[in-house]
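Structural features, examined
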Amino acid sequence: MADLHDQRILILDFGGQTTQLIARRVRECGVFCEIHPWDISDDAVNAFKATGVILSGGPESVLAENAPTIPNAVLTLGTPILGICYGMQAMVHQLGGEVRAQASHSEFGYAQVDVLEQAPLFAGLQDKVQDSKPQLDVWMSHGDRVESLPEGYTLIGTSENAPCAIIANEQQRCYGIQFHPEVTHTIQGAKILERFVIEVCGCEGLWTPGNIIDDAIARVQASVGDEEVILGLSGGVDSSVVAALLHKAIGKQLTCVFVDNGLLRLNEGDQVMKTFSENMGVKVIRVNAEERFLNALAGVADPEAKRKVIGNLFIEVFEEEAEKLSNAKWLAQGTIYPDVIESAASTSGSAHLIKSHHNVGGLPSDMRLKLVEPLRELFKDEVRTIGVDLGLPAEMVQRHPFPGPGLGVRILGAINKEFADILREADAIFIDALRAHDLYDKVSQAFTVFLPIKSVGVTGDGRRYDYVVALRAVETVDFMTARAAQLPWDFLDEVSRKICNSIPRISRVTYDISSKPPATIEWE
């Protein structure tokens, strides 16, 4: 089988909000890609051995002091390049063309691009025809604009406020587009990216679910050999897919450890044991560690500190279970690509840490077990797809994500058993109502958050002064960006009344309407 990573697209991130969407569109074309910061070293660029390079958009101006620049190694690789928005302007600026600040001629939102020349990347693509010229409906987001082109480049398309909206150097297979092809508002955007990676770069579309599974199995078998693996099983999508994948790869060498840490959803422990041990034939050891986790978290309010306490304690439990096995040398985790991206910062510090994930940034440095992370390169929707191919039931694969630290990051501030029990009940009411109203599968993730505040309420003729919870439901494709789900008002009213009537310690229910960005999906 051909190595899925031999054909690979390097995506350089200049700080654009939709850089992850570029990666998703490339993966949808069946081509492997990775996102790296713009300040990646020349040695790292050369070592990556890219089949093609895509330069993302970004918020900066190429004319600003200390503006992000394209590494010299990229411009001398001899591989195809596609510059998007800021990426195009950086190409022009560094190759000798002219970029001007044009605040009065900026373009944000919908625009039309007139295609002047039928370059191979755009041949036959059109959304309408105006004055015998093909037009593309696109999405723009720029202030500066390109005024003159570097030597060897040809003008391909123009818009009202971007005289150079599409440029090309066919000899070097380098292109620049002022608009964003990764967003759905650019109607032909997916086709443009597909043509770039398949036709211009010559990639074969090897990144398919079946090939991903075969590749992951081969890598696991090569790494693990005849040693045993422990998997921290949560019952969520990621760990469930890892369990199925590892079970297929190494069979009885896998032992799943399900840690009931007191921070799980209502009745989740019993459900997880039933699903895996009875239905899948996977060896699962249940460790009841609620008291141990809650004691360790007592008084810990900072979210990063909580993640590290939970991550360290998970590892302790896993290592204790590993000592009971004669040949356990590996710890498997359900780390996925967004975990890696959100936990990483660029070497220059220009990319900011959003939050550490307990399975990426929260592991102790002296951990004795070696790590195996077969999903580390995959986005969430790719994980779900291979889960289906592995034969997992739909209700498991389509289950909403649940964070590794569990309710530990859905109880704001310090944690105790009372807060966890209250939150469990409220969350169950919310999720059950979503299912009953056929809304669960229409949102990407939904949950309840416990707020460490009290508010005045009234029950009958009596005054109440009790806790507040927030409901959260979002719609997203890749979990890198998300918007609040517009749930029906009557539904929210019903859920609120049921929570307040059923749980005496809750006096008020709110609904979180924040998008990501600027908020994250989880509150901590």
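Residues numbered from 1 in each chain as written. Predicted model: local features only at pLDDT ≥ 70, side-chain atom pairs only at ≥ 80, totals over all residues. Heavy atoms only, no water.

This brings us to the state of the cysteines. Covalent bonding between the sulfur atoms of two cysteines defines a disulfide. In total, this model carries 0 disulfides according to the counting rule given. Free cysteine: C85, not disulfide-bonded; nearest cysteine sulfur from C164 at 14 Å. (Disulfide = S-S within 2.5 Å.)

Here we have 5 strands laid out as an open sheet, ordered β15-β14-β13-β16-β17, and parallel in their pairing. Edge positions in the sheet fall to β15 (284-288) and β17 (370-372), since each of these pairs with one other strand and no more. The average angle at which neighbouring strand axes cross in this sheet is 30°, direction not considered. Lying over the sheet, helix α8 (residues 268-280) contacts β14 (254-260) and β15, oriented at roughly 170° with respect to β15. (Pairing = 2+ DSSP bridges. Helix = DSSP H or I, 4+ residues; strand = E, 2+ residues; numbered from the N terminus. Axes fitted to C-alpha atoms, helices over the stretch in contact; angles between N-to-C directions. Contact = heavy atoms within 4.5 Å.)

Now for α8. With 13 residues, α8 should cover 18 Å at 1.5 Å per step; its first-to-last C-alpha distance of 17 Å lies within 8% of that length. If you check which residues of α8 are buried, you get E268, G269, V272, M273 and F276. Buried residues in α8, looked at end-on, bunch into an arc of 130°, giving them a common side. Exposed side of α8, more than 90 degrees from the buried face: D270, E278 and N279 are the residues found there. On its buried face, α8 is in contact with α7 (237-250), β14, β15 and α13 (394-397). Remark: G281 follows α8 within two positions and exhibits a positive phi of approximately 70°. (Expected span 1.5 Å × (residues − 1). Buried < 20%, exposed > 50% of the residue type's maximum accessible area, 1.4 Å probe, protein only. Arc of directions from axis to C-beta.)

Okay, α7 next. Because an α-helix packs 3.6 residues into every turn, residues spaced three or four apart end up facing the same way. The end-to-end C-alpha separation of α7 is 20 Å, in line with the 20 Å expected for 14 residues at 1.5 Å each. The element α7 is largely enclosed, with a buried count of 12 among its 14 residues. Among the residues making up α7, those that are buried are V237, D238, S239, S240, V241, V242, A243, A244, L245, L246, A249 and I250. Taken from the residues just after α7, G251 is the one with a positive phi, measuring 55°.

The amide bond that connects K516 to the next residue, P517, takes the cis arrangement and shows omega of -15°. Within the fold, P517 resides in the segment after β21 (506-511). Of note, the bond from P517 into P518 is cis; its omega dihedral lies within 30 degrees of zero at 15°. As for its placement among the helices and strands, P518 is situated in the segment after β21. Of note, the phi angle at C85 is positive, near 55°, even though the residue is not glycine. Turning to its location among the elements, C85 is positioned in the loop between β4 (81-84) and α4 (86-94). For D438, which is not glycine, the phi torsion reads 60° and is therefore positive. With respect to the helices, strands and loops of the structure, D438 is situated in the loop between α14 (417-436) and β18 (445-459).

Let us look at the pattern of salt bridges. For the coordinates displayed, the defined rule picks out 33 salt bridges. Among the ionic pairs, K128 bridges to D137, the shortest N-O distance being 2.7 Å. The partly exposed category is assigned to K128, whose relative accessible area is 29%. A cluster of three or more residues bridged by salt bridges with shared partners is formed by R24, R27, D381 and E382. (Salt bridge = Lys/Arg side-chain N within 4 Å of Asp/Glu carboxyl O.)

Of all hydrophobic cores here, the largest spans 96 residues; its most connected members are L487 and I499. If one sorts the elements of this core by residue count, α14 sits on top with 10 residues. Not counting the four nearest positions on each side in its chain, I499 is found in contact with A426, I429, V469, L471, I506 and V509. Residues L82, V138, I156 and C203 belong to the second largest nonpolar core, which totals 43 residues. (Core = buried A, V, L, I, M, F, W, Y, C linked by side-chain atoms within 4.5 Å.)

Both strand β10 (residues 154-159) and strand β11 (residues 162-169) contribute to a ladder of 4 bridges, which runs antiparallel. Counted as the bridge partner of G157 is I166 from β11. Where β10 hands over to β11, the hairpin turn is made up of 2 residues, counted between the paired strands.

Take the packing of aromatic side chains next. In total, this model carries 8 aromatic pairs according to the counting rule given. With a centroid separation of 6.4 Å and 40° between ring planes, the pair formed by F430 and F491 is classed as tilted. With a gap of 61 residues between them, F430 in helix α14 and F491 in helix α15 (residues 489-502) connect regions that are remote in the sequence. Its relative accessible area of 0% is what places F430 among the buried residues. Taking relative accessible area as the criterion, F491 reaches 3% and is therefore assigned buried. Above the ring of F48, the side-chain terminus of R8 is found at 4.4 Å from the ring centroid. Across from the ring centre of F402, 3.8 Å away, lies the NZ or CZ of R265, which sits over that ring. (Phe/Tyr/Trp six-rings, centres within 6.5 Å; stacked < 30°, edge-to-face > 60°. Lys NZ or Arg CZ within 6 Å of the ring centre and 35° of its normal.)

Moving on, we come to the packing of helix α6 (residues 209-224) against α7. Viewed as axis vectors pointing N to C, α6 and α7 meet at an angle of 60°, and their least axial separation amounts to 9 Å. In terms of orientation, α6 lies oblique with respect to α7. With respect to the hand of their crossing, α6 and α7 are arranged in right-handed fashion. Contacts from I213, A216, I217, V220 and Q221 of α6 reach α7 at L245, L246, K248, A249 and I250. Within the contact of α6 with α7, the residues separate by chemical class into 8 nonpolar, 1 polar and 1 charged. (Parallel < 35°, antiparallel > 145°, perpendicular 65-115°, else oblique. Left-handed = near helix turned anticlockwise from the far one by under 90°. Nonpolar A, V, L, I, M, F, W, Y, C, P; charged D, E, K, R; others polar.)

Our next topic: the confidence of the model for the protein. Per-residue confidence for the protein gives a mean pLDDT of 88; residues scoring 70 or more make up 93%. Note that pLDDT drops below 50 for residues 345-362; the model gives that stretch 51 contacts with residues more than four away or on any other chain. (pLDDT = per-residue confidence, 0-100.)

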